[in-house]
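This is what each chain is made of:
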Amino acid sequence: MDRRNFLKLSAGAGALALFQITGVSCAGSGGGLVIQESLPYKADALEPYISEKTIRFHYGKHHAGYVKKLNQMIKGTAYAGLGIEAIVQKTYGSAGETGIFNNAAQVFNHTFYWNSMKPGGGGVPDGVIAEKINADFGSYDAFKKDFASAALSQFGSGWAWLVKDGDALKILKTSNADTPIAQGLVPLLTVDVWEHAYYLDYQNRRADYIDAYLEHLVNWAFAETNLVG
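This write-up is about the structure you can find in this document.

Thresholds applied
- Residues numbered from 1 in each chain as written.
- Predicted model: local features only at pLDDT ≥ 70, side-chain atom pairs only at ≥ 80, totals over all residues.
- Heavy atoms only, no water.
- Pairing = 2+ DSSP bridges.
- Helix = DSSP H or I, 4+ residues; strand = E, 2+ residues; numbered from the N terminus.
- Expected span 1.5 Å × (residues − 1).
- Bend = angle between axes of the 7 residues up to and from the residue.
- Contact = heavy atoms within 4.5 Å.
- Axes fitted to C-alpha atoms, helices over the stretch in contact; angles between N-to-C directions.
- Buried < 20%, exposed > 50% of the residue type's maximum accessible area, 1.4 Å probe, protein only.
- Polar contact = N/O pair within 3.5 Å; in protein donor to acceptor, adjacent residues only side chain to side chain.
- Phe/Tyr/Trp six-rings, centres within 6.5 Å; stacked < 30°, edge-to-face > 60°.

### What to know about the pairing of strand S2 (residues 168-175)
- Taken together, the eight bridges between strand S1 (residues 158-165) and S2 define a ladder with antiparallel strand orientation. Bridge pairing links Lys164 to Leu169 in S2.
- Counting the residues in the hairpin turn of S1 and S2 gives two residues, including Gly166, whose phi is positive at 70°.

So, in structure tokens, the structure goes:
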């Protein structure tokens, strides 16, 4: 989805996001439901690095489960019909709405994760994103080391992110469902380090999964689009 269509969809759904992420909306649909965006590639397109079996469980069970639970929770509430970013931002830090936040954030995070990858991706980027990485981290190798360290050191379930904080790029790790858009940051790409993201393919070898993500899967065009907005 390009930025123009994203903005139209968000506006039509009454989204009140603090900012908008290009390519990822999960905006409200008919009847006030949040939709599960389609995968941007076929379920077997990331093999051999992520198997079709993992994708079908991860996207078809886990991600779909968050969408279903969220829609059950927001039905008949003021959140029905809002874009996913607005739901996340409005429920962040509210003890009485933790369940809505967790499911909404997981819907956003997963949609962003699928778009952060592509067949034939990974490796050293070029263009504007490469220039910014070199300026803020010193080199791509330094970025890669720091990003892999964040993803590997995230205790338990969570995510590692490349984000834009003001004018600077930073690496962030979040636990469970937490997400940068709740903190006023602009995500550029993410890797899911919940076990269901990699265990069928890598068992407990999270480091190998992270390496495969960086070397063969990262969608640098998506990251650059989010960077330049």
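### Some words on helix H2 (residues 52-74)
- For H2, built from 23 residues, the straight-helix expectation of 33 Å at 1.5 Å per residue is met to within 8% by its first-to-last C-alpha distance of 31 Å.
- The largest bend in H2 is about 30°, located at Ala64.
- Considering only its buried residues, H2 is in contact with helix H3 (84-91), helix H4 (98-115), strand S3 (186-192) and helix H7 (199-202).
- Backbone geometry just after H2 places Gly76 at a positive phi near 75°.

### Looking at the sheet that holds S2
- Taking strand neighbours across the sheet as the criterion, the three strands line up as S2-S1-S3 in an open arrangement whose pairing is antiparallel. In this open sheet, the two edge strands, each paired with only one partner strand, are S2 and S3. Sheet twist, expressed as the mean angle between neighbouring strand axes with direction ignored, is 20°.
- Pairing of S1 with S3 involves six bridges; the strand directions are antiparallel. What sits directly across from Trp159, in S3, is Asp192.
- Running at roughly 85° to S3, H4 makes contact with S1 and S3 of the sheet.

### Observations regarding the environment of Arg206
- Within the secondary structure layout, Arg206 lies in helix H8 (residues 206-217).
- On the basis of relative accessibility, which here comes to 9%, the residue Arg206 falls in the buried class.
- Spatially, the C-alpha atoms of Arg206 and Leu152 are 6.7 Å apart, while their sequence positions differ by 54 residues.
- Leave out the neighbours within four places in its chain, and Arg206 touches Ala151, Leu152, Gln154, Gly156, Val193 and Tyr198.
- From its side chain, Arg206 meets the backbone oxygen of Ala151 in a polar contact 2.9 Å long.
- Of the polar contacts made by the side chain of Arg206, one reaches the backbone oxygen of Val193; its length is 3.3 Å.

### Considering the packing of aromatic side chains
- For the structure on display, the rule yields 16 aromatic pairs.
- Relative to Phe112, the ring of Phe108 lies with its centre 5.7 Å away and its plane at 25°, an arrangement referred to as stacked. Linking Phe108 with Phe112, this pair stays in helix H4, spanning four residues, or about one helical turn. We note that Phe108, like Phe112, is buried.
- Pairing Phe147 with Tyr213 gives two aromatic rings, centres 6.2 Å apart and planes at 10°, and the pair type is stacked.

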